[in-house]
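# Structural features, examined
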Amino acid sequence: MDPASEEEFNAFFSAVLPESVTRAEEPKSNQFSTDFLKNFPFTLHAEQDDALRQMIDYLNRPTDREVFILKGAAGTGKTSLVCGLIKFINSKGNPTFLAAPTGRAARVFSNKANADACTIHHLIYRPLDEFNESGDLTKIRFELKMEEAGRKGFYFMDEASMISDSPTTEGLFQFESLLDDLIKFVFFQQPGNKLVLMGDDAQLPPVSESFSPALRASHFTERKKITASNYELVTVQRQARQSSILSNAHEIKKLQSLEHESLFFEPDFDEEVAEIPNLKDAVNAFVEAYLHQPDETIFLTYSNAMALKVNQMIRQRIWGEIPEIPLPGEKLLVVRNHYKSSGPEAEMIANGEQCQLLKIKDLSIHEHLGLEWADLELEIDTYRGKEFYQYRSLLSLLNRREPRMLEEEYKLLLMWSRREQKLAEKQGRKDRSFLYLNALQLKYGYCITGHKAQGGEWKTVFLLPEKPYGSIQSYTKWLYTTFTRASQKIYLVGNK
């Protein structure tokens, strides 16, 4: 479909906007066209009506590098409201670009909006292979897709609480601020483009950040010199009020604003929120649920040490013992961003993505630099769905508490890789270093930490809260984030 003309783009919402957009005291949805309203599966209440008018005002008026932030806790109708708007925009043939920080979050967004969505990294970055004089791949460099930057349209970013504004390093790969790069990409030569950031700032902020910068209007105006409109939905919808998962989550959210030195939360148990008093019974119940719905069942905990313990218990329950190496069919978890080499489908496999082991390549298990490696055939959950790959993978992390390769191990790997590159060039043979430098770092994925689960959604969640770590406020954010991963059933597990 051809892009909308300048006139069509600017006049896009003229048919659905009243003459002036003001804050609504009562629902005035009948002022909108029937064509627009039929895209919404529910009747708008006053707050939603107000939020929708303000979003449409932003999308319709001339702007210069301005963003719109839509915040709302679980159950306030934030996603339904935006997805209805996206459906209407698409029905008029206007371009929309949907993305989220992780593949699982992008898939959830795509399903709800009934439109294509991808990871933010896939949307804005292009990986470029770099080779040495012998033609061996030595590293992958990332740059913005400037030929695609600034495409005229409407950009919607879900789970924006996860978007970092700090430089990050992933092995050989170094990135500047993801938020800065997103802004550059969207507004490149098109300052009038529209960028809507949606999220829940009661969830965990990005790692190394004390708050979610992409959901704070003052951060844009003070640090980015960008105008930011802001709306927060606070009214929990009637359907959500009937969900005990969400009602309990909102009780947890209230604790974040209180000044206290200890945490007291007494959940209300029913058919949706159940209690399992000890870990052994929880593992038995988890395995039964997992074997029935492996893609819709997850066990969450706070620490990597506890995740390791629970994964070992689950594997023993499934296999009758704890196998020394992963077996075909096992659930694995990517614990460091992995960057596939360049090509039309080149992209990042994000930290936190889940995958299933299909096969360990024959005779591929070997030790190198004191670590165990193998070539694995994997089925990986991406934003497009399940895809099949073969990767050199690090096995040593599977049975360790550490969340990723130790810094001294990585330094040793870097030192070896430099020697290997020089030696391969001198001997005229293929350089092996990149296979190890860019290997997948994996852990077992039956039980994962709440941080790794952010952006995902499962029908059934088993949650082992553990004792509070760090500040009470950060712990309540973690507890709220993990509680809201469940869509149908959550089991709270006692640590006995």
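As shown above, the structure is provided for reference.
Residues numbered from 1 in each chain as written. Predicted model: local features only at pLDDT ≥ 70, side-chain atom pairs only at ≥ 80, totals over all residues. Heavy atoms only, no water.

### Notes on the sheet that holds strand 3 (residues 117-119)
Strand order across the open sheet formed by six strands is 3-2-6-9-1-10, with parallel pairing between neighbours. At either end of the open sheet lies a strand with only one pairing partner, and these are strand 3 and strand 10 (227-233). Sheet twist, expressed as the mean angle between neighbouring strand axes with direction ignored, is 25°. Its contacts with the sheet place helix 3 (residues 46-60) against strand 1 (66-72), strand 6 (154-157), strand 9 (194-199) and strand 10, and it is angled at close to 165° to strand 10. Packed on one face of the sheet, helix 5 (residues 103-113) meets strand 2 (96-100), strand 3, strand 6 and strand 9 and runs near 170° to strand 3. (Pairing = 2+ DSSP bridges. Helix = DSSP H or I, 4+ residues; strand = E, 2+ residues; numbered from the N terminus. Axes fitted to C-alpha atoms, helices over the stretch in contact; angles between N-to-C directions. Contact = heavy atoms within 4.5 Å.)

### Considerations on the pairing of strand 9
Summarising burial for strand 9: six of the six residues are buried, a large majority. The side-chain alternation of strand 9 yields two buried faces, one formed by Lys194, Val196 and Met198 and the other by Leu195, Leu197 and Gly199. Across five bridges, strand 1 lies against strand 9 in parallel orientation. Bridge pairing in strand 9 links Leu70 to Met198. The pairing of strand 6 with strand 9 spans four bridges and is parallel. Among the inter-strand pairings, Phe154 is bridged to a residue of strand 9, identified as Lys194. (Buried < 20%, exposed > 50% of the residue type's maximum accessible area, 1.4 Å probe, protein only.)

### Brief notes about the sheet that holds strand 23 (residues 486-493)
Strands sit in the order 11-23-22-12-21 across an open sheet of five strands; the sheet is parallel. Each of the sheet's edge strands pairs with one partner strand only, and the pair in question is strand 11 (273-276) and strand 21 (447-449). With strand direction ignored, the average angle separating the axes of adjacent strands in the sheet is 30°. By the bridge criterion, five bridges tie strand 22 (residues 458-464) to strand 23 in an arrangement that is parallel. Paired with Leu463 across the strands is Leu492, a residue of strand 23. Helix 11 (residues 279-292) contacts strand 11, strand 12 (297-301), strand 22 and strand 23 of the sheet and is inclined by roughly 150° relative to strand 12.

### What about the pattern of salt bridges?
Within the structure shown, the criterion is met by 22 salt bridges. Among the ionic pairs, Lys386 bridges to Asp295, the shortest N-O distance being 3.2 Å. Of this pair, Lys386 sits in strand 19 (residues 385-394) while Asp295 sits in the loop between helix 11 and strand 12; the two residues are 91 residues apart in sequence, bridging distant segments of the chain. For Asp295, a relative accessible area of 31% corresponds to the partly exposed category. (Salt bridge = Lys/Arg side-chain N within 4 Å of Asp/Glu carboxyl O.)

### Observations concerning the packing of aromatic side chains
Each aromatic ring pair is specified by the distance between its two centres and by the angle formed by the two planes. This structure, assessed with the given rule, holds 15 aromatic pairs. Aromatic rings pair up to connect Phe286, Tyr290, Phe299, Tyr446, Phe462 and Tyr491 into one cluster. Directly above the ring of Tyr58 sits Lys194, whose terminal nitrogen or CZ lies 5.0 Å from the centroid. The ring of Phe211 has Arg216 sitting right over it, with the charged end atom 4.0 Å from the ring centre. (Phe/Tyr/Trp six-rings, centres within 6.5 Å; stacked < 30°, edge-to-face > 60°. Lys NZ or Arg CZ within 6 Å of the ring centre and 35° of its normal.)

### Considerations on helix 3
Helix length check: helix 3 (15 residues) gives 21 Å between terminal C-alpha atoms against 21 Å at 1.5 Å per residue, within 8%. In terms of burial, helix 3 is largely enclosed, as eleven of its 15 residues are buried. If you check which residues of helix 3 are buried, you get Glu47, Gln48, Asp49, Asp50, Ala51, Leu52, Arg53, Met55, Ile56, Tyr58 and Leu59. (Expected span 1.5 Å × (residues − 1).)

### Let's talk about the packing of helix 3 against helix 4 (residues 78-91)
Two numbers describe how helix 3 lies on helix 4: the axes approach to 11 Å, and their chain directions differ by 45°. Taken together, the axis directions place helix 3 and helix 4 in an arrangement best described as oblique. Between helix 3 and helix 4 lies a crossing whose hand is right-handed. In this structure, helix 3 uses Gln48, Ala51, Leu52, Met55, Ile56 and Leu59 to contact helix 4, whose residues at the interface are Leu81, Val82, Leu85 and Ile89. Split by residue class, the contact of helix 3 with helix 4 holds nine nonpolar, one polar and no charged. (Parallel < 35°, antiparallel > 145°, perpendicular 65-115°, else oblique. Left-handed = near helix turned anticlockwise from the far one by under 90°. Nonpolar A, V, L, I, M, F, W, Y, C, P; charged D, E, K, R; others polar.)

### Things to note about helix 16 (residues 472-483)
Taking 1.5 Å of rise per residue, twelve residues should cover 16 Å, and helix 16 covers 16 Å from first to last C-alpha, within 8% of that figure. Here helix 16 lies mainly inside the structure; ten of its twelve residues are buried. Of the positions making up helix 16, those classed as buried are Ile472, Tyr475, Thr476, Lys477, Trp478, Leu479, Tyr480, Thr481, Thr482 and Phe483. Looking at the buried side of helix 16, the elements it contacts are helix 10 (244-255), strand 11, strand 12, helix 15 (450-453), strand 22 and strand 23.

### Here we look at the pairing of strand 20 (residues 440-444)
A large share of strand 20 lies buried, amounting to five of its five residues. Two elements, strand 13 (residues 331-334) and strand 20, share three bridges in a ladder whose sense is antiparallel. Its bridge partner being in strand 20, Leu333 is matched across the sheet by Lys443. Where strand 19 and strand 20 come together, two bridges link them in parallel fashion. Note that in strand 20 the partner of Ser393 across the bridge is Leu440.

### Focus on the environment of Leu300
With respect to the secondary-structure elements, Leu300 resides in strand 12. Separated by 193 residues in the primary sequence, Leu300 and Val493 place their C-alpha atoms 9.9 Å from one another. Excluding anything up to four places from it in sequence, Leu300 contacts Ile448, Thr449, Ala453, Val461, Phe462, Leu463, Leu464, Thr482 and Arg485.

### Quick notes on the environment of Glu409
Following the sequence through the fold, Glu409 ends up in helix 13 (residues 407-427). With residues up to four places along the chain from it excluded, the contact list for Glu409 reads Leu371 and Arg400. Looking at Glu409, its side chain comes within polar contact range of the side chain of Arg400, at 2.9 Å. (Polar contact = N/O pair within 3.5 Å; in protein donor to acceptor, adjacent residues only side chain to side chain.)

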